[in-house]
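Results of the structural survey
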Amino acid sequence: MISVTNTKDLYDTYGMQVGDQVVREVAKRIIGVIDENAFIGRLDSGTFAICFEDGFTAFMVQERMNQILAMLKLMNVTETLTVSLRVSVGMAFYPDDCAGPDELMACAIAALAKGTKAFHDTVTRYSPHMTMELQRRRNIQSQLTKALSNQEFRLFYQPQFCAGANTLRGFEALIRWESPDSGLVGPNYFIPLAEENGLIVPIGEWVLIEACQQAVRWKPIFGDRFIMSINISCMQFMSASFVDLVKSLVVELELQNMLEIEITESIFIGEHKEAHLALGQLHALGVKIALDDFGTGYSSFNYLKSLDLHTLKLDRSFIARIDMNGSDAKIAECIIHMASVLGMETIAEGVEKSEQLEMLTKMGCQTVQGYLTGRPIPPDEIVSRYARHG
């Protein structure tokens, strides 16, 4: 099983014509690698099944899959557009892994699901525990479709403090899912599932509305200068209704200069005229734009120069080792300096030690967030704990 896992993003971003062109080219490249004694079929927009006849060893199949991965990493769609494909491969063999053809397909799907979750650009061989994991994912996805209507989501809020001072900057809204069947499900597990089935857009809209309403409730306590920071997925940001929803919330709830939207670098990969337009509209509304997890993805300086970003959030992977690893400390200091030159604020995530806070303050980082200054907590605990900072 071969899956181009970002096919939907390609269709959403570049349109039907480009998406179809990419899928046709993927199929062409796969056919060019497999032997004439193998069969290929397309299962959905970005997933292909290949069946090799008896006589192909695991090594031979693995070798061909590695060739396919190498050929699918980058694709020149037009003279001006090159897309990056995220590809996963799952393999299963009869009779080693299963008793029949139906089981063979199910085992290959389980291996594909495991590889897609853990990695990209890799080949995963089936093992028995994957079937249980796949069933759990399916159960979670089934429960996820009902979670929003059943009001099972909760927002916790983590404070952000000005470095070197005991001054509250604001809060980041963080979603939690209290599933009656599976217990507390972490966002790192269910958010990717919500992105796969498209539920991330309605869930994201709920988060946006709930966090904005909470900001209004806290105005009398913290004033109208604290920042409510909200994570927005690429799919939600690019949806047709996103900017209109933000505008209605900002205007109706009087949240000018109080709302901050956190986005990731993936929004700017490729030619995203719509993303640039949306950023301009949000800026006109007085909405701050923060670039989350900076330093872990593509980290292109081109869009830092061309886009109207207010804030860079240093990923916690740098912060975790700045007091022990000289290279991480130098990278963090360079990012902070660069942001300062560009007139941007920096927020360090995952600050857990006083030594980290001290180093970041000396580097010129304006804001810190992490367990040292406050864990994410329910909204009813915020006032009692942080009202004195208002």
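Everything below is about the structure shown above.
The notes below deal with the structure included here. Keep in mind that what you see is a predicted model, and the values were worked out from it rather than measured.

1. Remarks on the side chain of Asp328
You can see Asp328 is positioned in helix H13 (residues 326–341). The contact partners of Asp328, leaving out residues within four places of it in the chain, are Ser317, Phe318, Arg321 and Ile322.

2. Looking at the layout of surface pockets
In this structure, the second largest pocket occupies an estimated 590 Å³ of space. In this structure, the second largest pocket is lined by 26 residues; those nearest its centre are Ile50, Cys51, Phe52, Ala92 and Leu104. Looking at the lining of the second largest pocket, the elements that each hand over two or more residues are strand E2 (38–44), strand E3 (47–52), helix H3 (58–72), strand E6 (87–91) and helix H4 (101–118). Tallied by class, the residues present in the lining of the second largest pocket amount to 19 nonpolar, 5 polar and 2 charged.

3. Here's the deal with the pairing of E3
The buried fraction of E3 is high, at 5 of 6 residues. Note: strand E1 (residues 2–4) against E3, 2 bridges, orientation antiparallel. The residue of E3 that forms the bridge with Ser3 is Thr47. Where E2 and E3 come together, 6 bridges link them in antiparallel fashion. Bridge assignment links Gly41 to a residue of E3, and that residue is Ala49. The antiparallel hairpin formed by E2 and E3 contains 2 residues in its connecting segment.

4. What to know about the nonpolar core
In this structure, Phe237 and Leu360 are the most contacted members of the largest nonpolar core, which totals 81 residues. Top element by residues in this core is helix H7 (residues 200–222). It accounts for 10 residues. Among the nonpolar cores identified, the runner-up in size contains 33 residues, and Leu10, Ile34, Phe52 and Val61 belong to it.

5. Describing the environment of Val185
Here Val185 lies in strand E10 (residues 183–185). Separated by 45 residues in the primary sequence, Val185 and Ile140 place their C-alpha atoms 9.0 Å from one another. Not counting residues within four places of it along the chain, the set of residues in contact with Val185 comprises Ile140, Trp177, Ser179 and Phe190.

6. Thoughts on the pattern of salt bridges
Taken as a whole, this structure holds 14 salt bridges when the rule is applied. Arg169 serves as the salt-bridge partner of Glu260, at 2.7 Å between the closest nitrogen and oxygen. Here Glu260, found in strand E12 (residues 259–263), pairs with Arg169, found in strand E9 (residues 168–179); they are 91 residues apart in sequence, far enough to count as distant. A relative accessible area of 0% places Glu260 in the buried class. For Glu345, the salt bridge is made with Arg169, and the minimal N-O distance between the two is 2.9 Å. Residue Glu345 is located in strand E15 (residues 345–349), and its partner Arg169 is located in strand E9; the two are separated by 176 residues in the primary sequence. Grouping residues by exposure puts Glu345 and Arg169 together as buried. A network of salt bridges, in which partner residues are shared, links Glu172, Glu262, Lys313 and Glu349.

7. A closer look at the packing of helix H2 (residues 16–33) against H3
For the pair H2 and H3, interaxial distance at closest approach is 10 Å and the crossing angle is 145°. For the pair H2 and H3, the crossing hand works out as right-handed. Contacts from Val26, Arg29, Ile30 and Val33 in H2 reach Arg64, Gln67, Ile68, Met71 and Leu72 in H3. Among the residues making up the contact of H2 with H3, the classes are represented as 6 nonpolar, 1 polar and 2 charged.

8. A look at helix H6 (residues 187–197)
By the burial criterion, the buried members of H6 are Tyr189, Phe190, Leu193 and Ala194. The arc enclosing the buried residues of H6, seen along the axis, measures out at 120°, which places them on a common side. Looking at the residues trailing H6, positive phi occurs at Gly198, about 85°.

9. A few points about the environment of Leu245
Within the fold, Leu245 resides in helix H9 (residues 242–253). Residue class for Leu245 comes out buried when judged on its relative accessible area of 17%. In sequence terms Leu245 and Tyr386 are 141 residues apart; their C-alpha atoms lie 29 Å from each other. Other than its neighbours up to four places away in sequence, Leu245 contacts Glu205, Leu208 and Ile209.

Rules and cut-offs
- Residues numbered from 1 in each chain as written.
- Predicted model: local features only at pLDDT ≥ 70, side-chain atom pairs only at ≥ 80, totals over all residues.
- Heavy atoms only, no water.
- Helix = DSSP H or I, 4+ residues; strand = E, 2+ residues; numbered from the N terminus.
- Contact = heavy atoms within 4.5 Å.
- 1 Å grid on protein atoms, 1.4 Å probe; cavity = no way out; pocket = protein on both sides within 12 Å on 5 of 7 lines; lining within 4 Å.
- Points joined across faces, edges and corners; volume = space filled by probe spheres on them.
- Nonpolar A, V, L, I, M, F, W, Y, C, P; charged D, E, K, R; others polar.
- Buried < 20%, exposed > 50% of the residue type's maximum accessible area, 1.4 Å probe, protein only.
- Pairing = 2+ DSSP bridges.
- Core = buried A, V, L, I, M, F, W, Y, C linked by side-chain atoms within 4.5 Å.
- Salt bridge = Lys/Arg side-chain N within 4 Å of Asp/Glu carboxyl O.
- Axes fitted to C-alpha atoms, helices over the stretch in contact; angles between N-to-C directions.
- Left-handed = near helix turned anticlockwise from the far one by under 90°.
- Arc of directions from axis to C-beta.

Keep in mind these values describe shape, not function.
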